[in-house]
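# Per-entry structural report
Now for the letters of each chain:
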Amino acid sequence: MNAFEYYPLHDFGPLMKGLVIGGLGIFHVFLAQFAIGGGMLMCYFEWLGQSGRDRLGVMRKFVDDYFKYLVLISFVMGALTGVGMWFTSIQISPRTIGLMVHEFHWLWATEWTFFCLEVVAGYTFFRYGKRLPNSLRLKLLVAYSIAAWFSLFWINGILSWQLTPGTWTESRDVWDGFFNPSFWPSLFFRTIVCMVIAALAACVVINTMPLPSEVRQRLIFHASHFLLPMVLMPVLGVWFVAVLPVDSRQWVLGGSVAITLFMNVAVGASVLIAGYAVIGLYWQRLTINGATATLLLVLAFGATAGGEFVREGVRKPFTVRQTLYSNSMTPTQIAQFRETGSVTLDPYPLLNADRYPNDQIRLGARVFRLQCSICHTEHGVNGLVHLAGTWTDSQRRMNIAKLQHTKNFMPPFAGPPEEVEALVQWLDWLVEHEPSEWPISDNPEVRQQIANWLEEASDF
Amino acid sequence: MDVLFPFGFPWPTALYLTLYVLTLTLHMLLMHYVLAGSAWVAASSFFTAFKSSPTRPSKIIKLLQDWLPFALGGAITAGVAPLLFVQILYQREFYTANLLLFHRWMSILPVLIVAFYLLYLQKSKWLEQRRPQLRPFVWLIIVACFGFVGYSWTENHLLSLQSQDVWTNFFADREIFFASVQILPRLSIWFAGAFSTLCMILAWQVHVHRGETASDPRAEAAGNSFDVRTLSRVGMASIALTILASGIYGSTLKKEILQYLFSGLAWPYVVGAVIGWIVQFAVWLHLSKVGTTARPTLFILTTTVVTTAVSLNVLREVVRLAQVDVVALQTRHAEAASVGGLGVFTFFLVLNSLVIVWLVRSVAKSK
């Protein structure tokens, strides 16, 4: 997998590519976790109904009604956003998803067998559940829940591998990668999140049903049982942070303001939900109206978004730790590009080549497209003009040449001095509002200085 | 080129090709049901909605309206596996075509979401209570959505088979549509062929659900006979049109590709497809005369539909293999096959298949 594949890369304008996949990812994760927790919750309610604990005789009807929401939301949006994640990953970072598919395709294929079971069990229950005997209803729900949870099991191993590949980096054994250091805390944590989302969604659904207040209160009380495992979240969170690599842990603990803030958003939202659930719903047996339930569900979405942002953020500067940098280059490829140039063999031309005043600026634009555009824009989100516009040329040269030392969540620069200088000139030209004339910078002393800086930053 | 597909390839390539073809066939059968089924209901709804006297939908239409959402869910789920294996088999080609088509390609996702929800909408009481003239337009949107998705896949597939020069020019010219003389014939094969698969599945559904709603057994039998004869006619027309579309498509292929199709690599599959069509046609002809279904006949029909589908998918793959650098791909496939997990996949494939069969049988028995 060492040959570098060039793909046609598109400009997303002011929108950062990482945000596109992040936005869809958060939405998909939320729906998928709803589907998983929903199955578990339906099993619990069905069991309550069948084991004589349903004094009011409403569980069966509630299960049937809730399942409709599960099918309409999760089976449609969940399934299609799942496929959408694959297509979006290809659009954003084809080499990263390519490596993931290469390494884990059998486990993804295994996950697919569980999808099939999930869909068959779910739809069978949806279509025939009302007419089936109790034992078969429960069997279908259990099969659905197990299948849904196993889809989490498999994808959790692949996603956590990206962050903490563990001994896989040496052994290249798929199981070393799958059962990596953050696998278990992540799996347990996500399982609780699934239960929480399902319970809060249930509270919303219960409030949409025309039920007597006693019945509503009873159902909400039972749903609140699925919120209680939230008390374990701090322990699992600490476990997760403890197994992170030291540099990643630093981002969470204040090293990166953005990541720390998002972490606090996730923690804060979770604390609010847990407090309301444990003290209000379970301990004091309060009821909850539709508006409050919806608000708590939105808070859960916020917590999910914060958590996923942190998970993605702490991986930097890698998409697969110690293997693939965030611009989808391996350390070996970076070393090669330092010799040969990163865009020399790129067969795809600039789409707006006439916009640039000379070949050096065009080279800089191509280097930006290949190496930087995954996380940066020109003037938009995380725009380079905002980030490096006030630097002097000399500062830019050194900071780019020694990129991984400038900021340790940046990958090393992957190119010879000519490409560093081209990028510097391109950035300067942007800062100066894109004049139609621009001199070519070809001072040998400058090039030698850049070469020295690159040499000093050849640790990757 | 002289050894039968996939046996002439190294085992990793052969394994991935086999898995791709088989899972694609599973996806295709369900997708055929969705594509042809929605087109059938759309056409029917236009005929009935504007009649002066209200017409009750036929059993076939009711079955389709009822089962299409599940079939679409099944088709999407079944489609995940071939989507995975195509990334192992032809990663660079597939990814490049995806990227070149950019937002045009990505738009299949919202389009599918719209179609999915409209399939549920057409089952809803809300739409039932609206003017009947509204229904055909809902179906028209559904068919347009599926047509767009089918067109996009065909376009993506054909673009993935082009050379680096074509890709570079496509990108430089900021194209978002790939024009090819092969798009229409390929789409026609898919669309026409979809109806014979649909008719086979519908024949099973009519057979299984016979007598369920009968207050008058004679009227029910007459209705069933009418349905079977309708399916037979559509099935035969579908086969004839598929053969015609295949002939037209074949005429657009280069001589070297045709040589591949009639080489030892693929000719048994050409024969398989032709025999499949002949037997299907004969079975439909028989059913149109007797007007009633029996399990052995339906089993023969199913076997031949699946045989034809697998054969056509192999031929589709052979056309692709004739246009890509197979030797370069084999090295990648060998690298991919060295990664662990095949045993786990095989174990859960068998286990989950058994659980699915057990659940379906349990539900069928208890109904």
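Residues numbered from 1 in each chain as written. Chains lettered and ligands numbered in written order. Predicted model: local features only at pLDDT ≥ 70, side-chain atom pairs only at ≥ 80, totals over all residues.

## Some details on the overall build of chain A
Under the convention used in this document: Only runs of H or I of at least four residues qualify as helices and only runs of E of at least two qualify as strands under DSSP, and these elements are numbered from the N terminus. Note on burial: count the other C-beta atoms lying within 10 Å of the residue's C-beta; 20 or more is buried, 12 or fewer is exposed, in between is partly exposed, and C-beta positions come from the backbone. C-beta atoms are placed from the backbone for every residue, and two residues are taken to be in contact when these atoms lie within 7 Å.
Along chain A, the regular secondary structure elements total 19 helices and 2 strands. Expressed as lengths along the three principal axes of its C-alpha atoms, the size of chain A is roughly 85 × 40 × 40 Å. A buried classification covers 53% of the 460 residues belonging to chain A. Expressed as a percentage of contacts within chain A between residues at least 6 apart in sequence, the contacts between residues at least 24 apart total 78%.

## Considering the overall build of chain B
Note the following rule: Two things to know: the radius of gyration comes from C-alpha atoms, and the globule rule equals 2.2 Å times the number of residues to the power 0.38.
A tally of regular secondary structure across chain B gives 14 helices and 0 strands. The secondary structure elements of chain B, listed N-terminal to C-terminal, are α-α-α-α-α-α-α-α-α-α-α-α-α-α. Since a compact globule built from 367 residues should have a radius of gyration of about 21 Å, the 22 Å found for chain B is in line with a globular shape. Residues counted as buried form 42% of the 367 residues belonging to chain B. Sequence-distant contacts, at least 24 apart, represent 86% of the contacts inside chain B between residues at least 6 apart.

## Considerations on the interface of chain B and chain A
Frequently, the measure chosen for interface size is the accessible area that the parts lose on association. Spelled out, the test is: Three categories are distinguished: nonpolar for Ala, Val, Leu, Ile, Met, Phe, Trp, Tyr, Cys and Pro, charged for Asp, Glu, Lys and Arg, and polar for the others, with Gly belonging to the last.
On the chain A side, the residues contacting the 50 residues of chain B number 53 residues. At the level of secondary structure, the elements contributing two or more residues to the side of chain B that touches chain A comprise helix H2 (59-89), helix H3 (91-106), helix H4 (108-121), helix H7 (164-172), helix H13 (326-337) and helix H14 (342-366) of chain B. Top element by residues in the side of chain B that touches chain A is H14(B). It accounts for 13 residues. Its residues assigned to classes, the side of chain B that touches chain A shows 32 nonpolar, 14 polar and 4 charged.

## With respect to the confidence of the model for chain B
Test applied: Residue-level confidence of the predictor is summarised by pLDDT, bounded by 0 at the bottom and 100 at the top.
Taken residue by residue, chain B gives an average pLDDT of 94. The fraction at 70 or more is 99%. Model confidence for the complex: the whole-complex pTM is 0.94, and ipTM, which rates the interface, is 0.94.

## What to know about the environment of A:Phe413
All names here are of chain A. The residue Phe413 is located in the loop between helix H17 (403-406) and helix H18 (417-431) in this model. Given 29 C-beta atoms within 10 Å, Phe413 falls into the buried group. Once the C-alpha coordinates of Phe413 and Ile400 are considered, the two residues, 13 residues apart in sequence, prove to be 6.6 Å apart. Once you skip the residues sitting within four places of it in the chain, Phe413 turns out to touch Ile400, Ala401, Leu403, Val420 and Leu454.

## Some thoughts on the packing of helix H14 (residues 359-372) of chain A against H18(A)
All names here are of chain A. Rules: Angles here are taken between N-to-C directions and fall from 0 to 180 degrees, while the axes themselves are lines fitted to C-alpha atoms, restricted in helices to the stretch in contact. Each angle receives one of four descriptions, namely roughly parallel if under 35 degrees, roughly antiparallel if over 145, roughly perpendicular if within 65 to 115, and oblique otherwise.
Packing of H14 against H18 leaves a shortest axis separation of 7 Å and a crossing angle of 100 degrees. By the angle class used here, H14 and H18 are roughly perpendicular. Contacts from Gln360, Ile361, Leu363, Gly364, Ala365, Val367 and Phe368 in H14 reach Glu419, Ala422, Leu423, Gln425, Trp426 and Trp429 in H18. Across the contact of H14 with H18, the residue classes break down as 9 nonpolar, 3 polar and 1 charged.

## A look at helix H16 (residues 393-401) of chain A
Within H16(A), burial applies to A:Arg396, A:Arg397, A:Met398, A:Ile400 and A:Ala401. Lining the buried residues of H16(A) we find helix H15 (384-388), H17, H18 and helix H19 (444-456) of chain A.

## Comments concerning unusual backbone geometry
The omega angle of the peptide bond from A:Lys316 to A:Pro317 is 10 degrees, so this bond is cis rather than trans. As for its placement among the helices and strands, A:Pro317 is situated in the loop between helix H12 (290-313) and strand S1 (318-320). At the junction of B:Phe5 and B:Pro6, the peptide bond is cis and its omega measures out at 0 degrees in the coordinates. Relative to the helices and strands, B:Pro6 is located in the segment before helix H1 (11-49). Of note, the phi angle at A:Arg285 is positive, near 55 degrees, even though the residue is not glycine. For A:Arg285, the location among the structural elements is in the loop between helix H11 (257-283) and H12. Phi at A:Asn382 is positive, roughly 55 degrees, even though this residue is not glycine.

## So, H3(B)
Owing to its 3.6 residues per turn, the α-helix brings residues three or four apart onto one side. All names here are of chain B. We count it as follows: Multiplying one less than the number of residues by 1.5 Å gives the expected span of a helix. In this analysis the local bend is the angle between axes fitted, respectively, to the seven residues ending at and the seven residues starting at the residue.
Its 16 residues place the ends of H3 only 18 Å apart at the C-alpha level, less than the 22 Å of an ideal helix rising 1.5 Å per residue. At Leu100, H3 shows its largest bend, some 70 degrees. Within H3, 12 of the 16 residues are buried, which leaves it mostly tucked inside the rest of the structure. Listing the buried residues of H3 in full gives Gln91, Arg92, Glu93, Phe94, Tyr95, Thr96, Ala97, Asn98, Leu99, Leu100, Leu101 and Trp105.

## Overview of the packing of helix H7 (residues 183-208) of chain A against helix H8 (residues 213-224) of chain A
All names here are of chain A. Viewed as axis vectors pointing N to C, H7 and H8 meet at an angle of 170 degrees, and their least axial separation amounts to 9 Å. Accordingly, the angle class assigned to the pair H7 and H8 is roughly antiparallel. On H8, the residues that touch Ala199, Ala202, Cys203 and Ile206 of H7 are Arg216, Leu219, Ile220, Ala223 and Ser224. Residue classes in the contact of H7 with H8 are distributed as 7 nonpolar, 1 polar and 1 charged.

## Some details on the environment of B:Phe171
Positionally, B:Phe171 belongs in helix H7. Once the C-alpha coordinates of B:Phe171 and B:Leu99 are considered, the two residues, 72 residues apart in sequence, prove to be 9.3 Å apart.

## Re the environment of A:Phe179
Mapped onto the secondary structure, A:Phe179 falls in the loop between helix H6 (174-178) and H7. Along the chain, A:Phe179 and A:Trp168 lie 11 residues apart, while their C-alpha atoms are 9.5 Å from each other.

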